[in-house]
Amino acid sequence: MLRPIFIRTATLLLAALASAGGGWLYFRLIGADAPVWLDSGRAVLFCLTVFWLVWGGTTGMLGALSPARKPDARPITRPVGLTSILVPIYNEDPAATFSRIAAMNRSLLALDIADRFHFAILSDSSSLEVAAQEAAWFEQLVHEPMLEGRVFYRRRERNIGKKAGNIEDFISHSGGAYDYALILDADSLMEGETIARMALRMDADAELGLLQTVPEVIRAETLFGRLMAFSSAYLSPYFARGQALMQGREGPYWGHNAIVRMRAFAASCGLPVLSGRPPYGGHILSHDYVEAALLARAGWKVEVDPTLGGSFEEGPENLIEYAKRDRRWCQGNLQHRRLIGAPGLKLWSRFTFVQGIMAYVASPLWLLLLISGLIAAAIPDPRGAGPDNAIWVLALAVAVALLLPKAMILLRGMLDGRNRAFGGTPRVAVGVLGEIALSTLLAPIMLCFQSRAVFEILFGLDGGWPATRRDETHVEFGTAFAASWWIVLIGAATLAVAIAFAPGLVPWLLPVTAPAIAAPVLIGLTSLSPKSHWLFGTAVKRQPPAVMELQRQIHASWTSEGLGVAEAGAEAGHVLA
Amino acid sequence: MKHEGLEFFSALPDAPLAMPTQMLERRRKPLFGRLRAMLAALPRLSA
């Protein structure tokens, strides 16, 4: 097994050499017609943007080439440690969330180990009506088999520190009673067997501070949602595997569907309030990356295991909800620039912060590359040669970085039989091609959303923490236009400038400008829910996991019988208000 | 039910666990303070 440090160094060198080599070639080709400063700037932008593409692509290729770890198939035994399953909630649908808890409980009961797991619902709900409904539905939940004495509900009136503060509040009041904490989101769902295996891994490895699963998106109905689900089910595990090879003991934490060692987390992960005001100061928004870095700093192992199935979440069903969530993540990641130099952090943890920042900063850099290319193309070339060769280099670099890893993953799936779970290689190939096509169409829109997020944050505007509406699916044209009219304007203006000053660039710009001009239509169309599930089929869609079916049944039975519960909750809400 | 001597009922268990705040920002000494520290560290010339 190659040491992570060797793999990291080799991968970084490969990405650096590929982008530097490509940047040198690009600089040679863009000619002497434009001022040197512009050519140099364009070459630097090329290197920076292509480096992160190549880096991401190499991670996927590494995962596709690495030997598969066999999933743990040993019989489930009784965990020694006691685990608290934490469910922080904030103005969610309590019937849906609590039915997930009930399903996970029943899944654990079937293994006869449920008494080693408690559930703690940690509410920060600010809406009194929702809080009243939570209390009412909790009364329904406690009647689930063997849950009495194992499920707790607590609501904070003040949302200090948001989710991280919510968990810290639990730990400081009750953490001493537990050995481990399995941290979930309101939409998380996990098989009992997976939960048990995670606790057993913590029992077996005294150095393990955190174990992260790779959650799969479920219940996606819209075209956009299914695109995300397919990507998370089929492609993400390979990228996660490649990352795991590089990360070694300094793995990621994504804030949910992960188990932590309670005392390690308590001793290492008390987050400070950063000096200064938001968006850079104040409470740490993307706390998960920081907590992983702090655990690694304290010497604990932080691992991700892509072989642990049975871990699920729900995702945004349209591009607008995705962009809102992304805005929050963007602010959280840019805030990490304050922490790159934090004392005692491992080098890889610092690099992870840089990686997270560049995931967002790359978008405005691509925009700058585009604009500088337009300016350069508008300047006449005395040699008479056009910029076509340089654009070919750029297009080839992007194509290879994006397509090669996915082709390798498809081939790997064909050779090891994984494609069968997704309906066979031809169907998966159509899915991968569809994913590439749709991602390419939506990329310019996402580029604009992310660039705007970065500029807002750089100018000190605090986006805050917009509530995620998980039930929002179809987007009407009016709403889509209101969210993206400025993208239409940017696309149209770019195309107009190209037609007027650099007509040779128009064919190359169409893949970017056309989707931008059509943004409202694309946002609306991808928020539709096609009846056929053939495209972007996943193993979970073909054969839903037992816990998902359990949750559906429980929720259906509660909501058909529990109308009185909901009404009582609403009435109590009026009284409290 | 009991675990390590703790009884669990319907309220969250009363089992506090300290979660000390971690240091993530370097505390910078004022410039004058740093200059004084540098001067104090210089070797003294013998008379």
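Residues numbered from 1 in each chain as written. Chains lettered and ligands numbered in written order. Predicted model: local features only at pLDDT ≥ 70, side-chain atom pairs only at ≥ 80, totals over all residues.

With that settled, consider the overall build of chain A. Each helix and strand in chain A was counted, giving 19 helices and 10 strands. When its C-alpha atoms are laid out on the principal axes, chain A stretches across 80 × 55 × 55 Å. For chain A, the proportion of its 577 residues judged to be buried stands at 51%. (Helix = DSSP H or I, 4+ residues; strand = E, 2+ residues; numbered from the N terminus. Buried ≥ 20, exposed ≤ 12 C-beta atoms within 10 Å, placed from the backbone.)

So, about the overall build of chain B. Broken down by element type, chain B carries one helix and two strands. Written out in order from the N terminus, the α and β elements of chain B read β-β-α. Relative to its 47 residues, chain B shows a buried fraction of 11%.

Right, let's get into the environment of I379 of chain A. All names here are of chain A. When you line up the elements, I379 lands in the loop between α11 (347–378) and α12 (388–416). Given 14 C-beta atoms within a 10 Å radius, I379 is considered partly exposed. For the pair I379 and A502, spaced 123 residues apart in the sequence, the C-alpha separation amounts to 8.6 Å.

Here the focus is the domain arrangement of chain A. Residues and elements named next belong to chain A. Looking at the assigned domains, one finds that chain A contains domain 1 (4–68 + 356–539) and domain 2 (83–316). Each of domain 1 and domain 2 has a C-alpha centre, and the two are 31 Å apart. Each partner contributes to the interface: domain 1 provides 33 residues, whereas domain 2 provides 28 residues. Counting residues per element, the ones that place at least two in the side of domain 1 that touches domain 2 are α1 (4–29), α2 (36–65), α12 and α13 (425–458). For the side of domain 1 that touches domain 2, the per-class residue count stands at 15 nonpolar, 13 polar and five charged. (Domains from an automatic or database assignment. Contact = placed C-beta atoms within 7 Å. Nonpolar A, V, L, I, M, F, W, Y, C, P; charged D, E, K, R; others polar.)

With 28 residues of chain A at the contact, the number on the chain B side is 21 residues. Of all elements in the fold, only β3 (151–155), α5 (162–174) and α8 (262–268) of chain A reach the threshold of two or more residues within the side of chain A that touches chain B. Top contributing element to the side of chain A that touches chain B by residue count: α5 of chain A, with five residues. Of the residues contributing to the side of chain A that touches chain B, the split by class is 14 nonpolar, 10 polar and four charged.

Residues and elements named next belong to chain A. Among the nonpolar cores identified, the biggest contains 163 residues, and L86, V87, L182 and V260 are the most heavily contacted of them. With 14 residues, the top contributor of residues to this core is helix α7 (residues 223–247). Viewed by domain, this core spans two of them, domain 1 (4–68 + 356–539) and domain 2 (83–316), each represented by three or more residues. In contact with L86, not counting residues within four places along its chain, are A120, L122, I167, F170, A181, L182, I183 and L184. (Core = buried A, V, L, I, M, F, W, Y, C linked by C-beta atoms within 7 Å.)

All names here are of chain A. As summarised here, the arrangement of the three strands in space is β5-β10-β7, forming an open sheet in which the pairing is mixed. In this open sheet, the two strands that pair with only one neighbour each are β5 (189–190) and β7 (216–217). Bridging between β7 and strand β10 (residues 311–313) involves two bridges; their strand directions are parallel. The residue of β10 that forms the bridge with V217 is E313. (Pairing = 2+ DSSP bridges.)

All names here are of chain A. Position of G63 among the secondary structure elements: in helix α2. Sequence spacing of G63 and P507 is 444 residues, and the spatial spacing of their C-alpha atoms is 35 Å. Excluding residues within four positions of it along the chain, G63 makes contact with Y238, F239, R241 and G242.

Okay, the environment of G192 of chain A next. All names here are of chain A. Checked against the element boundaries, G192 lands in helix α6 (residues 192–204). With 24 C-beta atoms counted inside 10 Å, the residue G192 sits in the buried group. Note: C-alpha distance between G192 and V44 (148 residues apart in sequence) is 50 Å. In this structure, G192 is in contact with M104, S107, L108, A110 and L111, ignoring residues within four places of it in sequence.

So, on to the sheet that holds β3 of chain A. Within a sheet, neighbouring strands are paired by backbone hydrogen bonds and run either parallel or antiparallel to one another. Residues and elements named next belong to chain A. Ordered by their spatial adjacency, seven strands build an open sheet running β3-β2-β1-β4-β8-β6-β9, and the pairing between neighbours is mixed. With one partner strand each, in any of the chains shown, β3 and β9 (301–304) form the two edges of the open sheet. Taken over all neighbouring pairs, the strand axes of this sheet differ in orientation by 20° on average, direction set aside. Both strand β6 (residues 208–212) and β9 contribute to a ladder of four bridges, which runs parallel. By the bridge assignment for β9, Q212 is matched with V304. (Axes fitted to C-alpha atoms, helices over the stretch in contact; angles between N-to-C directions.)

Turning our eyes to something else, we now look at the packing of helix α3 (residues 94–109) of chain A against helix α4 (residues 128–141) of chain A. All names here are of chain A. As a packed pair, α3 and α4 sit with axes 9 Å apart at the nearest point and diverge in direction by 25°. With respect to their mutual orientation, α3 and α4 come out roughly parallel. For the pair α3 and α4, the crossing hand works out as right-handed. Contacts between α3 and α4 involve P94, A95, F98, I101 and A102 from the first element and Q133, E134, W137, F138, Q140 and L141 from the second. Taken together, the residues that form the contact of α3 with α4 break down as eight nonpolar, two polar and one charged. (Parallel < 35°, antiparallel > 145°, perpendicular 65-115°, else oblique. Left-handed = near helix turned anticlockwise from the far one by under 90°.)

What follows is about the confidence of the model for chain A. Residues and elements named next belong to chain A. A residue-level look at chain A finds 92% of positions with pLDDT of 70 or above and a mean pLDDT of 88. When the criterion is pLDDT under 50, residues 464–468 qualifies, and its contacts beyond four places in sequence or with other chains add up to eight contacts. The low-confidence segment residues 563–577, where pLDDT is below 50, has 23 contacts with residues more than four positions distant or belonging to other chains. (pLDDT = per-residue confidence, 0-100.)

Now for helix α15 (residues 506–517) of chain A. In a regular helix each residue adds 1.5 Å, so 12 residues correspond to 16 Å; α15 of chain A covers only 14 Å between its end C-alpha atoms and thus falls short of that length. By the burial criterion, the buried members of α15 of chain A are W508, L509, V512, T513, P515, A516 and I517 of chain A. (Expected span 1.5 Å × (residues − 1).)

Here we take up unusual backbone geometry. Residue and element names in this part refer to chain A. Positive phi values are uncommon outside glycine, yet K162 reaches one of about 50°. Along the polypeptide, K162 turns up in helix α5. Residue class for K162 comes out partly exposed when judged on the 17 C-beta atoms lying within 10 Å of it. Residue F536 is not a glycine yet carries a positive backbone phi of 60°. With respect to the helices and strands, the residue F536 is situated in the loop between α16 (519–526) and α17 (539–542). Taking the number of C-beta atoms within 10 Å as the measure of exposure, F536 has 27 and is therefore buried.

Moving on to the pairing of strand β1 (residues 83–89) of chain A. Residues and elements named next belong to chain A. Most of β1 sits out of view: seven of its seven residues are buried. The alternating pattern of β1 places T83, I85, V87 and I89 on one face and S84, L86 and P88 on the opposite face, and all of these are buried. As defined by bridge partners, β1 adjoins strand β2 (residues 117–123) across seven bridges and the pair is classed as parallel. In the sheet register, L86 faces β2, and the bridge partner there is A120. Between the parallel elements β1 and β2, the chain passes through α3 in a crossover that is right-handed. As judged from the four bridges shared by β1 and strand β4 (residues 180–183), these two strands associate in the parallel manner. (Right-handed = clockwise from strand over helix to strand, strands pointing away.)

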